[in-house]
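Architecture and fold: a report
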Amino acid sequence: MPGMVVFGRRWGIASDDLVFPGSFELFIRILWWIGTMVLFTYHKGHFECNGRGVLHSYLVGLLVVLALIILSLCAIVYISAQGTITNPGQRRSMPALVYLRAILYVPELVWACLGAVWVSDDGRGCDPATVGAVISAVVASWIILLFTAVGVVFVFDPLGNPRPQPPAMEPLGVRDMQSSEGTQFLSTARSLAVKVWESRLRLLCCCLPQDESYRAAFSSIAQLFSSFFSDTDLVPSDIAAGLALLHQEQDKMERSRDPDVVVPHSPSSPVGEDLEAELEKATHWMQFAAAAYGWPLYIYSNLFTGPCKLSGDCCRSRVAEDEIVGGDHLGCHFSSILQTTGLQYRDFIHVSFHNQDVLTDLSAECENLPIEGVSGACYAHKGISQAAGYVYKRLVNDGILNQAFSIAPEYKLVITGHSLGAGAASVLAILLRNSFPTLQCYAFSPPGGLLSKALADYSKDFVVSVVLGKDLVPRLSIPNMEDLKRKLLKIVSNCNKPKYRILLQGCWYELFGGDPDDCPTEMDNRREQELSQPLLGEESLIVRHSSSYQSLGSDESPAHTPAHLPLFLPGRILHITEDGPTRRSCFSQVRYRADWSNEMAFRSILISPRMLTDHMPDIVLRALGTLTKDKPFSLCPSSLSDSQHNAI
């Protein structure tokens, strides 16, 4: 539901979000009240020490204040647990209870100061247990007040106008065009939203440099985030509840549907292409892609032996240091690459640890990428395309590839990478394809919003994308995010259970499994206009009409709308999934299966605890190793059965 409106503004918390924090504080307050009552009863209200009158008044007042706080918390927890996410009618009294609870902080603050004064002035001659109890009460009061202040800062919304949107049925912009004042207000609000998101990103990425290029990247991503969340009025807990419901809904659909029809061989490969041979190559090149992460991943993957193996190599002097460029002054990254791949120093011609601008890679803009011989619209993800262009210039203009093939002309060229590196590797392979017709590229867990349809089809002759399970990144694109947002609104607005039950059942389901929740998820032909109406006096979940919500009662993918250019995964897609039940013991061995898939299978985001872990390079390498463990082969490129390779 929309954020709760108190103190004249809308906050980033809803009226049904106070069940868990209220219950926790209620538990603490009850224990505190019982302890104070035991202390007061033990001494029968008479204390033989200096300042006993002040102590008596402090304990009596503390019992009264705690009792009032406990009663207010009981009311808050009970009222907050009523109704559903989009039906807050039974929680109309919540703002009044919040005001009451806020007022009770005043006497608590006064009593905390009174207790501190008594301890400092008159507590010396009193029973140590009594003094310790008063000190504990004072400290507890200040801790609760501190956490309350932190919580207020956390849920504070600087854009929290209680009514920021025009009436639900009024077309966007009609009222604004009637006066320059309305236009100026809308522009100011949007600028403020961008600044707020930019400040959040700067705080989140405080360790990154703050130069001009990074400031431009922060601003670009801030515009993306502010525009993406501008047409909804959901608090974070609503999104969490929607994700929990959507995960269970997707699991129900997965259990009920027929087994997928798998493609026996890659559509762009000869019929005799051996899937196992392709898996062996992918396993081999994934070790190079993982090695590119340097010593942190190597240490993480080899906790007991990694530090010892690297400790003697990191600071060892080497010749030809000018061939290793940037960011590896101690040589730990390069040493981890040698350990991971099994290669020797002489096997490398050029090594660069130039850091890719991850912030630019997050930009959702596209740019033209014309390729000779490719018909149709040719464009790619702007940030990743620029990163690939940088590497292309270094390889071609600096003569690195010419130097490599002059030394080893019998080698072939293979490009590989993981995650954003997989996207850059795919675009780089497209740029180099005409100059190196035998080039091959292995892209592991590449980003979904990468290439236009024409370039994606063109790359199927030389690019293999490997995706593990429900990995989020290969499904991450603006159309898919809009589709996810539409589904979240749809499932949240129709669920008839209170939010705290949804979250509890969702946590239980994620931890222990069981049957998915039977919460209804269909809209029963309700349309956007109905959803946009005020909900029992509260604001709508949709505060601005968007192309993503042309029909909330329809399951049409927003990818068909012209709001964003469609982008696809590169090349042929090798999809690795767990073979067996979706739920298994933590100590059971995972079994995998691999099948050829296509880009249309990744047009929606799958909610799962594994949507992030399936993206980790060590997990991908482990899955590939499991599939090929019965056919081991050497890490050395020269031992491959087909030919020697040169890896970039």
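Residues numbered from 1 in each chain as written. Predicted model: local features only at pLDDT ≥ 70, side-chain atom pairs only at ≥ 80, totals over all residues. Heavy atoms only, no water.

The protein chain appears in an unreviewed UniProt entry as sn-1-specific diacylglycerol lipase from Oreochromis aureus. The Cofactor (unreviewed entry) comment attached to the protein chain in UniProt states, word for word, "Ca(2+)". (UniProt positions renumbered as here; feature names shortened; annotations may be inferred.)

Points about the overall build of the protein chain
In terms of helices and strands, the protein chain carries 21 helices and 12 strands. Within the protein chain, the fraction of its 648 residues that count as buried is 47%. A sequence separation of at least 24 residues applies to 76% of the contacts in the protein chain between residues at least 6 apart. Accessible surface, the protein chain: about 32800 Å² in total, of which carbon and sulfur atoms supply 61%. (Helix = DSSP H or I, 4+ residues; strand = E, 2+ residues; numbered from the N terminus. Buried < 20%, exposed > 50% of the residue type's maximum accessible area, 1.4 Å probe, protein only. Contact = heavy atoms within 4.5 Å. Areas by Shrake-Rupley, 256 points an atom, 1.4 Å probe, with all protein chains shown as cover.)

Let's talk about the side chain of H615
Here H615 shows up in the loop between α20 (610-613) and α21 (617-627). A distance of 2.7 Å separates polar atoms of two side chains, one belonging to H615 and the other to S419. With residues near it in sequence (within four places) discarded, H615 still touches H418, S419, S445, D471, V473 and V620. (Polar contact = N/O pair within 3.5 Å; in protein donor to acceptor, adjacent residues only side chain to side chain.)

Section: the UniProt feature "transmembrane region" (unreviewed entry) in the protein chain
As recorded in UniProt, the feature "transmembrane region" (unreviewed entry) lies at residues 26-43, 55-79, 99-119 and 131-156. Between the C-alpha atoms that bound residues 99-119 the distance is 31 Å, and the span itself is 100% helix and 0% strand. The distance separating the terminal C-alpha atoms of residues 131-156 is 37 Å; by composition the span is 96% helix and 0% strand.

Let's talk about the pairing of strand β11 (residues 592-597)
When you tally the buried positions in β11, you get five out of six residues, the bulk of the element. In this structure, strand β10 (residues 572-578) lies alongside β11, joined through six bridges in antiparallel fashion. Across the sheet, residue H575 finds its bridge partner in β11, namely D595. (Pairing = 2+ DSSP bridges.)

What about the pattern of salt bridges?
Tallied over the full model, the rule gives 22 salt bridges. For K487, the salt bridge identified is with D483, shortest N-O distance 3.3 Å. In this pair, K487 and D483 are both assigned in helix α17 (residues 478-494), four residues apart and thus about one turn of the helix distant. Of the residues examined, K487 reaches a relative accessible area of 24% and is grouped as partly exposed. What makes D483 buried here is its relative accessible area of 4%. Of the charged contacts in the structure, one is a salt bridge between D618 and R622, with a shortest N-O distance of 4.0 Å. Of the two residues, D618 and R622 both sit in helix α21, four residues apart, roughly one turn of that helix. (Salt bridge = Lys/Arg side-chain N within 4 Å of Asp/Glu carboxyl O.)

Things to note about unusual backbone geometry
Trans is the prevailing form of peptide bonds, just as negative phi is the prevailing case for residues other than glycine. Although it is not a glycine, F7 adopts a positive phi angle of roughly 55 degrees. Taking the relative accessible area as the measure of exposure, F7 reaches 52% and is therefore exposed. Residues other than glycine seldom take positive phi values, yet S419 does so here, at roughly 60 degrees. Residue S419 is classed as buried on the basis of its relative accessible area of 13%.

Some details on the environment of Q82
Relative to the helices and strands, Q82 resides in the loop between α2 (52-80) and α3 (94-122). Q82 has contacts with Q90 and R91, leaving out every residue within four places of it along the chain.

Thoughts on a nonpolar patch on the surface
Residues F24, F27, I28 and L31 make up a contiguous nonpolar surface patch of roughly 410 Å² in combined accessible area. Here F24 is to be found in helix α1 (residues 19-42). (Patch = residues over 30% accessible without salt bridge, like charges linked within 9 Å, V, L, I, M, F, W, Y side chains within 5 Å.)

Digging into the nonpolar core
In terms of nonpolar packing, the biggest core is built from 33 residues, with L413, I415, L432, L439, L451 and L455 touching the most fellow members. Elements with a contribution of two residues or more to this core: α13 (382-397), α14 (400-407), β7 (412-418), α15 (420-432) and α16 (453-458). Ranked by residues supplied to this core, first place goes to α15 with eight residues. One finds W285, L343, L574 and Y592 within the second-largest nonpolar core, a separate group that totals 25 residues. (Core = buried A, V, L, I, M, F, W, Y, C linked by side-chain atoms within 4.5 Å.)

What about the packing of α1 against helix α4 (residues 128-155)?
Packing of α1 against α4 brings their axes to within 11 Å, and their N-to-C directions diverge by 160 degrees. Between α1 and α4, the angle falls in the class roughly antiparallel. Between α1 and α4 lies a crossing whose hand is left-handed. Only T130, A133, A137, A140, S141 and I144 of α4 make contact with α1, whose side of the interface consists of E25, R29, W32 and L39. Residues that form the contact of α1 with α4 fall into these classes: six nonpolar, two polar and two charged. (Axes fitted to C-alpha atoms, helices over the stretch in contact; angles between N-to-C directions. Parallel < 35°, antiparallel > 145°, perpendicular 65-115°, else oblique. Left-handed = near helix turned anticlockwise from the far one by under 90°. Nonpolar A, V, L, I, M, F, W, Y, C, P; charged D, E, K, R; others polar.)

Examining the packing of aromatic side chains
Counted under the stated rule, the structure contains seven aromatic pairs. Here the aromatic rings of F7 and Y99 are separated by 5.0 Å at their centres, their planes lie at 80 degrees, and the arrangement is edge-to-face. Of this pair, F7 sits in the loop between β1 (5-6) and β2 (9-10) while Y99 sits in helix α3, placing them 92 residues apart in sequence. Geometrically, the ring pair formed by F405 and F436 is stacked, given 5.5 Å between the ring centres and 25 degrees between the ring planes. (Phe/Tyr/Trp six-rings, centres within 6.5 Å; stacked < 30°, edge-to-face > 60°.)

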